[in-house]
Amino acid sequence: MSVILIVEQVLNGLQFGVMLFLMAAGLTLIFGVMGLINLAHGSLYMIGAFAAAATAEVTGSFLLALAAALAAAAAAGAIIEVTVIRRLYAAPHLNQVLATFALILILSEGTRWVFGSFPLFLDIPDILSGTVTLPGGIQYSLYRLILIATGFAIAIGLWVLIERTRLGIQIRAGENDREMIAVLGVDISSLYTLVFALGAALAGLAGALVGAIQSVQVGMGEPVLILAFVVIVIGGIGSIRGALVGALLVGLTDTLGGVFLPEIFKVFMEPGAAQRSGSALAAMGIYVLMGGVLVWRPTGLFGVRRCI
Amino acid sequence: MHLNETALNGAILLGLLSLPLYALIVDEPYTITLMTRVVILALAAVGLNIILGVGGLVSFGHAIFFGIGGYAMGILAYHAQTFTILDFGLFITDGTRLMPVIWLVAMAVSATAAFLIGILSLRTSGVYFIMITLAFGQMFYYFAISWPEYGGEDGLSIYVRNTFPGLNTLAPIQFFAICLVLLCLALYIMARLRRSPFGLALNAARQSGIRVETVGIDPVRLRLLAFVLSGTVTGLAGALYADLNRFVSPVMFSWQFSGELIVLIVIGGVGRLMGPVVGACVFVALEHLLGGLTEFWLIILGLILLGIVLFDRGGIIGFLTGRAGAHV
């Protein structure tokens with residue numbers, strides 16, 4: 001195993017991790033502030049990707065495509081919040097799960113109706129394609145490096161937003177005591193719509209950014225959604241910091257496990273069997289990680305112990 | 001007008017029995033197969049109803065047990081049909097084509113899986129539990145896909161339906177009868193269970209875990225037992241479903257199926273004895289009627305679901321009997 005391979009895979013893991021972070025951050029924010037479990041978050045990811053692919057096809061501009069993804073996902077999020085989600089904040093979890101499951105059905109099939117069943121493709125713009133040479137002579141995709149940088153930039157931006165701005169104070173206050181901040185004159189329902197749209201925009205952005213390296217198709221959101229749940233369980237519900245750490249752990253475990261587990265198995269097994277059991281076990285790696293965290297800390301690494 | 005729930009339950013069972021008999025007389029085997037599907041889905045949902053309706057825990061991973069049941073049937077029958085040996089290290093067998101044996105294996109493996117998953121996921125509750133069960137479901141799904149011995153992503157076809165001593169399982173009505181008897185058995189056990197000390201304690205633990213704990217009962221152990229029972233019943237349904245289609249694939253493990261099971265229960269009425277049965281009838285009918293109308297029938301199903309959730313009336317049974325159901 002060469003150093004180059006390890007560095008490459010670590011970078012791939014980081015890239016996967018920061019994209020998961022964009023999903024998990026929105027989910028955890030929405031849960032923390034409104035106490036809502038949103039299964040339709042994966043649909044917002046898909047909407048972002050489709051908006052980007054459609055815009056790129058018409059205009060040919062990647063930047064416009066990203067802007068369209070952000071706008072479409074945020075708008076879809078705001079509409080969903082005002083029409084459906086708003087009625088669910090006080091409802092039991094079962095109702096939240098069902099209503100958002102219904103939203104998945106409507107949004108997925110609606111997208112299939114508009115765009116058809118065939119996947120769309122979103123190309124990486126020429127300036128961002130190609131590779132760069134990292135110190136040590138390692139060739140690595142420029143676009144993926146930019147994804148990693150974007151993810152960390154957004155993580156810092158979210159931190160500034162929540163810790164250093166007036167809106168952030170309101171969001172944190174909303175997590176602690178929604179009635180109190182309503183009494184203090186904050187318009188709680190537009191705050192909720194805003195937080196939901198912000199989470200949706202992050203998901204839409206992730207969908208568009210990942211859409212350029214994978215195909216854009218109906219149902220692309222839900223596997224990512226479930227991974228984002230694993231991230232939240234590991235990091236702790238409601239904690240952005242937990243979402244970042246959890247996302248990086250999951251991204252690295254999944255990527256490195258898929259590459260290195262078969263290699264490790266080859267040490268004491270014949271190659272064919274090692275490849276098979278290695279990759280089957282690697283598919284389970286992140287869930288084993290989740291199980292371990294649950295045994296060690298049932299509320300997640302950065303979770304607060306509270307009654308849910 | 002509000003109906004008596006017991007009378008309603010009797011009418012539902014009668015309908016479930018008479019429709020296939022009618023289909024047999026007018027010679028419409030497809031209707032019998034459709035009704036068999038209803039009965040098997042209902043059985044799977046009866047299983048989920050133990051933990052969801054009585055226990056109050058939203059398991060979004062019950063496809064795990066459905067899939068395990070399916071693969072238990074698939075693997076045993078595959079070895080029997082190819083005359084190869086199944087070597088699990090601890091025991092060696094040539095597989096089997098006998099339904100009762102397959103059912104026992106399906107239930108035993110499902111119960112074991114439910115125990116292990118339960119120990120981990122019941123350390124938490126609420127949304128955590130939903131997310132964790134969903135995640136474990138995905139783990140089994142990907143494991144089934146990346147496991148090439150038994151078909152991987154393509155699944156496994158079984159050429160002939162498995163056998164039951166004394167019956168011809170190839171006749172649709174006889175296979176239907178087997179499934180219906182098992183469903184009635186599960187419903188009977190469920191009815192007894194809800195009145196037993198265990199069921200009452202589980203019900204109380206849903207309403208307040210802390211109160212149950214103060215009278216000296218450990219709610220986690222109650223829930224673990226309920227989760228194991230729940231998974232066992234759903235596992236049996238999975239084995240039957242695989243036999244109905246003579247095919248298993250990773251799709252049986254998919255999160256969509258877990259969601260559909262919850263949908264069945266909510267349509268019928270959460271925590272109701274016959275809720276899953278009514279839900280399964282309505283679901284299969286909708287799938288059949290709307291599916292014939294438009295290929296985008298899931299949009300309509302989604303809208304109906306939204307309506308049910310936003311104007312919560314305790315499902316169809318709750319609506320007909322005029323009594324709100326258990327709150328989760």
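Check the entry above for the structure.
Source: prediction; values computed, not measured.

Asks: Just checking my understanding: could you explain the overall build of chain B for this structure?
Replies: Secondary structure assignment for chain B yields 13 helices and four strands. Since a compact globule built from 328 residues should have a radius of gyration of about 20 Å, the 19 Å found for chain B is in line with a globular shape. The principal-axis extent of the C-alpha atoms belonging to chain B is close to 55 × 50 × 40 Å. Burial statistics for chain B: of 328 residues in total, 56% are counted as buried. Long-range contacts, defined here as pairs at least 24 residues apart, represent 77% of the contacts in chain B between residues at least 6 apart.

Asks: Would you take a moment to explain helix α2 (residues 41-59) of chain A for this structure?
Replies: Residues three or four positions apart in an α-helix share a direction because the helix packs 3.6 residues into each turn. Residue and element names in this part refer to chain A. End to end, α2 covers 27 Å across 19 residues, agreeing with the expected 27 Å (1.5 Å per residue, within 8%). Among the 19 residues in α2, 15 count as buried, and that is most of the element. In the segment just after α2, Gly60 is the residue with positive phi, at about 75°.

Asks: How do you make sense of a nonpolar patch on the surface when you look at a structure like this?
Replies: Residues and elements named next belong to chain B. Together, Leu19, Tyr22, Ile25 and Val26 make up a nonpolar patch on the protein surface, roughly 420 Å² of accessible area in all. Summarising the element assignment, Tyr22 is placed in helix α1 (residues 5-25). Residue class for Tyr22 comes out exposed when judged on its relative accessible area of 53%.

Asks: When you look at the packing of aromatic side chains in this model, what are you seeing that I'm missing?
Replies: The geometry of an aromatic ring pair is captured by the separation of the ring centres together with the interplanar angle, meaning the angle of the planes. In total, this model carries 19 aromatic pairs over all chains according to the counting rule given. Ring geometry for Phe65 of chain B versus Phe227 of chain B: centroids 5.7 Å apart, planes at 80°, classification edge-to-face. Of this pair, Phe65 of chain B sits in helix α3 (residues 63-82) while Phe227 of chain B sits in helix α9 (residues 219-245), placing them 162 residues apart in sequence. When its relative accessible area of 1% is taken as the criterion, Phe227 of chain B is described as buried. Measuring from ring centre to ring centre gives 6.2 Å for Phe283 of chain B and Trp297 of chain B, while their planes differ by 65°; the resulting arrangement is edge-to-face. Here Trp297 of chain B lies in helix α12 (residues 297-310) and Phe283 of chain B lies in helix α11 (residues 275-293), a separation of 14 residues in the sequence. On the accessibility criterion, Phe283 of chain B (2% relative accessible area) is buried. Here Arg297 of chain A stacks its cationic end above the ring of Trp296 of chain A, 5.5 Å away from the centre of that ring.

Asks: When you look at the packing of helix α1 (residues 3-34) of chain A against helix α6 (residues 166-176) of chain A in this model, what are you seeing that I'm missing?
Replies: Each pair of packed helices can be summarised by the angle the axes make with each other and by the distance between the axes. Residues and elements named next belong to chain A. The geometry of α1 relative to α6 is characterised by a closest axis approach of 7 Å and an angle of 60° between their N-to-C directions. The angle between α1 and α6 places the two elements in the oblique class. Listed contacts from α6 to Leu29, Gly32 and Val33 of α1 are Ile171, Gly174 and Glu175. When the residues that make up the contact of α1 with α6 are grouped by side-chain class, the tally is three nonpolar, two polar and one charged.

The rules behind the values
- Residues numbered from 1 in each chain as written.
- Chains lettered and ligands numbered in written order.
- Predicted model: local features only at pLDDT ≥ 70, side-chain atom pairs only at ≥ 80, totals over all residues.
- Heavy atoms only, no water.
- Helix = DSSP H or I, 4+ residues; strand = E, 2+ residues; numbered from the N terminus.
- Rg over C-alpha atoms; globule rule 2.2 N^0.38 Å.
- Buried < 20%, exposed > 50% of the residue type's maximum accessible area, 1.4 Å probe, protein only.
- Contact = heavy atoms within 4.5 Å.
- Expected span 1.5 Å × (residues − 1).
- Patch = residues over 30% accessible without salt bridge, like charges linked within 9 Å, V, L, I, M, F, W, Y side chains within 5 Å.
- Areas by Shrake-Rupley, 256 points an atom, 1.4 Å probe, with all protein chains shown as cover.
- Salt bridge = Lys/Arg side-chain N within 4 Å of Asp/Glu carboxyl O.
- Phe/Tyr/Trp six-rings, centres within 6.5 Å; stacked < 30°, edge-to-face > 60°.
- Lys NZ or Arg CZ within 6 Å of the ring centre and 35° of its normal.
- Axes fitted to C-alpha atoms, helices over the stretch in contact; angles between N-to-C directions.
- Parallel < 35°, antiparallel > 145°, perpendicular 65-115°, else oblique.
- Nonpolar A, V, L, I, M, F, W, Y, C, P; charged D, E, K, R; others polar.

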